[in-house]
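The residues making up each chain are set out below.
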Number of protein chains: 4
Amino acid sequence: MSNRNTGPLREKIHEIIFEADTPWGKAFDVVLLILITASVLVVILESVGTLQAQYSQLFLILEWTFTIIFTIEYLLRLYCVYRPIRYATSFFGTVDLLAILPTYIGLLIQGTHYLLVIRALRLLRVFRIFKMAHFLSAGDTIIKALKASRAKITVFLMTVLLIVIIIGSLMYLIEGGQNESFSNIPRGIYWAIVTLTTVGYGDITPITGAGQFLSAIVMIMGYAIIAVPTGIVSAEFISENQNPTSNRACRYCAGEGHTLDAIYCKYCGEKLEE
Amino acid sequence: MSNRNTGPLREKIHEIIFEADTPWGKAFDVVLLILITASVLVVILESVGTLQAQYSQLFLILEWTFTIIFTIEYLLRLYCVYRPIRYATSFFGTVDLLAILPTYIGLLIQGTHYLLVIRALRLLRVFRIFKMAHFLSAGDTIIKALKASRAKITVFLMTVLLIVIIIGSLMYLIEGGQNESFSNIPRGIYWAIVTLTTVGYGDITPITGAGQFLSAIVMIMGYAIIAVPTGIVSAEFISENQNPTSNRACRYCAGEGHTLDAIYCKYCGEKLEE
Amino acid sequence: MSNRNTGPLREKIHEIIFEADTPWGKAFDVVLLILITASVLVVILESVGTLQAQYSQLFLILEWTFTIIFTIEYLLRLYCVYRPIRYATSFFGTVDLLAILPTYIGLLIQGTHYLLVIRALRLLRVFRIFKMAHFLSAGDTIIKALKASRAKITVFLMTVLLIVIIIGSLMYLIEGGQNESFSNIPRGIYWAIVTLTTVGYGDITPITGAGQFLSAIVMIMGYAIIAVPTGIVSAEFISENQNPTSNRACRYCAGEGHTLDAIYCKYCGEKLEE
Amino acid sequence: MSNRNTGPLREKIHEIIFEADTPWGKAFDVVLLILITASVLVVILESVGTLQAQYSQLFLILEWTFTIIFTIEYLLRLYCVYRPIRYATSFFGTVDLLAILPTYIGLLIQGTHYLLVIRALRLLRVFRIFKMAHFLSAGDTIIKALKASRAKITVFLMTVLLIVIIIGSLMYLIEGGQNESFSNIPRGIYWAIVTLTTVGYGDITPITGAGQFLSAIVMIMGYAIIAVPTGIVSAEFISENQNPTSNRACRYCAGEGHTLDAIYCKYCGEKLEE
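No experiment lies behind these values; they were computed from the predicted model shown. (Residues numbered from 1 in each chain as written. Chains lettered and ligands numbered in written order. Predicted model: local features only at pLDDT ≥ 70, side-chain atom pairs only at ≥ 80, totals over all residues. Heavy atoms only, no water.)

With respect to the overall build of chain A
Moving on, step 1. Assigned secondary structure in chain A consists of 12 helices and zero strands.
Moving on, step 2. Scanning chain A from its N terminus toward the C terminus, one meets helices and strands in the order α-α-α-α-α-α-α-α-α-α-α-α.
Moving on, step 3. Residues counted as buried form 48% of the 274 residues belonging to chain A.
Moving on, step 4. Within chain A, residue pairs in contact and separated by at least 24 positions form 52% of the contacts whose partners lie at least 6 positions apart.
Moving on, step 5. Per element, the accessible surface of chain A, about 13,600 Å² overall, is 65% carbon and sulfur. (Helix = DSSP H or I, 4+ residues; strand = E, 2+ residues; numbered from the N terminus. Buried < 20%, exposed > 50% of the residue type's maximum accessible area, 1.4 Å probe, protein only. Contact = heavy atoms within 4.5 Å. Areas by Shrake-Rupley, 256 points an atom, 1.4 Å probe, with all protein chains shown as cover.)

Structure below.
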């Protein structure tokens, strides 16, 4: 990429902002990481009543400082990147924009409460940390394993959804009359999710014998069911770990499923092509 | 199947209702999926007191509309399927029937409360979604892995049952006198299940030192025990993933357990038959 | 075993009581299973105040009936078994004896409360169910996998114990002054166990910011730590599942680690001995 | 090591203190283990108000006795070890020092409360148990598996951190106005952690419908997410268990990744060196 000739300044900025291998690029990423963390902390602390009362001025200044810095950074990214539209529409481009928008919108539209809702999205900017991570390949493996088990996870989640709907309804029928906590089916479903996932808040609990019996079944079910997604994802991680199979097919016997390090076809013994 | 000649209309209906590959079949499945979801939502919302008070008329109309549509659909299925009795007695056939019965029974037998109990079964019709899923093979793998580990899961669940009975009784003996929450063994068992499965409602908690000590042991036990079903199911998923063994037996030495891609018997070296 | 000649009656009784393959043996096991379940249910129901008040007479009769039946069964086992002492000192022999003792001890020593403590052990007789299970091999695999991971599980549990002691002490130092729930280190440790195992009763919860921060760390730690026993046990189940290695060593090259179905040494190609 | 000639006494002390194979060394380790456990118990019991009131004198004597014994032991270790500085700066050397310091610091600086904070670190001395464990290799395997999955675990924990920050903020926006429990974002994040890790204290629970809906999503997310670290660690344990790959490289083709039992290079067929 750095071989292209697109003006030395733009080239230099691109190197600093987008690459993490050069000293300046690394320094930029570290500073950016600190700024993002600080700006997220400011949003979090701003929500604490006692701090907001005391430091509201400071929070306002900090918020605008961060917003202006990130705006300049966003514009520089748009300027120096080779394909600005592709960046702007990419995941990180969108997050970068959403991270600065709420402050500006707060100027135009009155109504602090509504503003706060959008402001929360600013926290998403922490995701930019990953860009500088040496952990990208680890993240890749996780995403790969999750993608490979997507269909199974979907079936699992749908089954869980059906179970909680049916059990939530049953619980409403059993406890509904005596227990105010189970006053309608949505509350029953909420309880079923709290129980099946072993979260167990205790804000809604069965009080009748029949309710506690059904409850016990749901708990043991949830305890056993957790094995399913774990088994699915484990299996994928292990496949990924042990047999990173390539998509190469043997030219002679068309055999597939060769491991990445295989040189000869395991079915006919002929040499595999790269 | 579509090769059989059983009248063009019946054939067409069969194609629409039972097959998901044709455009009409797909459209039918999507519409059906939306109707089922809507009907389940109506049952859930009906249970909410404030909504029932306001829209009871609407709910009644919707309930009857859905019931009539699903009744027609059920009759059409019976008409066009090649083996109506096999369908009617199959899992989906039973669910299809149970999904329409409660509304009709509500006409004959008075007593709203009792009716509601059966009505909850209608929610099971959501299972029909799976019929149109591209996720069927994923579901198959899950069921296969669970079936393969059935015996181990049963032993595990029986052991868990014994543990909670014994620990529940012990807890009743320890806390019974001082703590009203542990007034009898069934409550002790309920507590043991809540604790062992790490749900932890907190509606029943030990108050004596000895009770909290036993409680701590149960928690750590539950924390470690969860590894057993997870390990069992993981192992099955991995077997399924890595060595999908075929049922082929060698014609020469009768050796079994060959992997799907094996060409020669691993015991005697003779060629395996397809 | 049935080849030994030790009198036809004793032989017959042995067959009925100890073997599950013959029709009479199977019938005996099923009846015994029902009796054990019933007797456990009686003990559980006896503890419920309202039932005890109404049916105390019935419970007494049932308790004595079960005790007498199980006593006769125990004596018959001692009579017909080939090595009575070995049976009496085995796990099931001890459980069989402990299952009948409490009722007799209740006659000699007054004091209902104390009696109840021993009576709880009677529930252990449910373990006899396993004797007739077709699930014995599944149970064996579980036990084998757990034994193989014993050392790792011990290290894991010791580490967990250290973590909860240190965290419980830290929490006592942080919250001790302000929060009555953390009035001493044992309570802190109890809380740490409740939190780390993700049980989360909520009977003891941090109220200070620092306490909630430490709490959050413990939770995420517990959430990640659960992966360790699960990983350990999963790995053992998979080894068991995929490579059930035998202890055979090659006579020629002394190579070990051969799979159960291996016929030739994988290192030198010589035939393996049975 | 015992071949070096550094005086018979120093040699003997070294053998007793540092080696667990000789009878004296073993006896020393067992006694030390008992003393450490006792001293930890004293610290724990000291914190219980009723016991402290009654046995404060005894606790003081015991604390000083343990401190003096451990001080002598620490000095002996420094004396007999071949590289005192390396020991003093090692993990166990630091823990050994921290285990005796708090009592002495308590003499110089007044202020019991502050003293207690440091004293808690003394509990870390339990880690010395591991030195005498036959479980060291098991511990090694666990550490090896965790190290191998470090990068993935870090990415996972960072993702979890981002999720709880975003969800905690969202929950503050949804419930903040109506529910005092969600009075600021840090409390929202605390709640998100309690929920996502399935701990579920129930001290902070949503009360609005929207809050309970988001809550349900977080629970199911947490229930599914747990599969990720479990899968990661399982995969590592299995790699460790099944393919303990050596670091040997082939002398002829420089191929790596050979299993421990491999004799010939799997890439070029030449013999591997030991």
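Now, onward.
Digging into the pattern of salt bridges
Residues and elements named next belong to chain A.
Moving on, step 1. The final tally for this structure, using the stated rule, is four salt bridges over all chains.
Moving on, step 2. Between Glu73 and Arg77 there is a salt bridge, with the nearest N and O atoms lying 2.6 Å from each other. Remark: Arg77 and Glu73 occur in helix H3 (residues 49–80); sequence separation between them is four residues, near one turn of the helix.
Moving on, step 3. For Glu73, a relative accessible area of 5% corresponds to the buried category. (Salt bridge = Lys/Arg side-chain N within 4 Å of Asp/Glu carboxyl O.)

Some remarks on a nonpolar patch on the surface
All names here are of chain A.
Moving on, step 1. On the surface, Leu9, Ile68, Ile72, Leu76 and Tyr79 cluster together to form a nonpolar patch covering roughly 480 Å² of accessible area.
Moving on, step 2. Of all the elements, H3 adds the most residues to the nonpolar patch, at four residues.
Moving on, step 3. Topologically, Tyr79 is positioned in helix H3. (Patch = residues over 30% accessible without salt bridge, like charges linked within 9 Å, V, L, I, M, F, W, Y side chains within 5 Å.)

Remarks on the side chain of D:Thr208
Residue and element names in this part refer to chain D.
Moving on, step 1. Along the chain, the position of Thr208 falls in the loop between helix H10 (185–196) and helix H11 (209–225).
Moving on, step 2. Side-chain polar atoms of Thr208 contact the backbone nitrogen of Gly211, separated by 3.0 Å.
Moving on, step 3. Setting aside anything within four residues of it in sequence, one finds Thr208 in contact with Ile174, Glu175 and Gln178. (Polar contact = N/O pair within 3.5 Å; in protein donor to acceptor, adjacent residues only side chain to side chain.)

Here we look at the packing of aromatic side chains
Moving on, step 1. In this structure the tally under the stated criterion is 18 aromatic pairs over all chains.
Moving on, step 2. Relative to B:Trp191, the ring of B:Phe182 has its centre 5.5 Å away and its plane inclined at 75°; by these criteria the two rings are edge-to-face. Of the two residues, B:Phe182 and B:Trp191, both sit in the buried class.
Moving on, step 3. Here D:Tyr55 and D:Phe59 contribute two aromatic rings whose centre-to-centre distance is 6.5 Å and whose plane-to-plane angle is 75°, an arrangement assigned as edge-to-face. (Phe/Tyr/Trp six-rings, centres within 6.5 Å; stacked < 30°, edge-to-face > 60°.)

Quick word on the confidence of the model for chain A
All names here are of chain A.
Moving on, step 1. Per-residue confidence for chain A gives a mean pLDDT of 75, with 73% of residues at or over 70.
Moving on, step 2. When mean pLDDT is compared element by element in chain A, helix H10 (residues 185–196) scores highest at 92, while helix H7 (residues 112–119) scores lowest at 47.
Moving on, step 3. Taken together, the stretch residues 1–5 has pLDDT below 50 and engages in six contacts with residues farther than four places along the chain or on a different chain.
Moving on, step 4. Across the whole predicted complex the pTM is 0.80, and at the interface the ipTM reaches 0.76. (pLDDT = per-residue confidence, 0-100.)

Things to note about the environment of C:Thr65
Residue and element names in this part refer to chain C.
Moving on, step 1. Among the structural elements, Thr65 can be located in helix H3 (residues 49–80).
Moving on, step 2. A relative accessible area of 37% places Thr65 in the partly exposed class.
Moving on, step 3. In this structure, the C-alpha to C-alpha distance between Thr65 and Ile226, residues 161 residues apart in sequence, is 46 Å.

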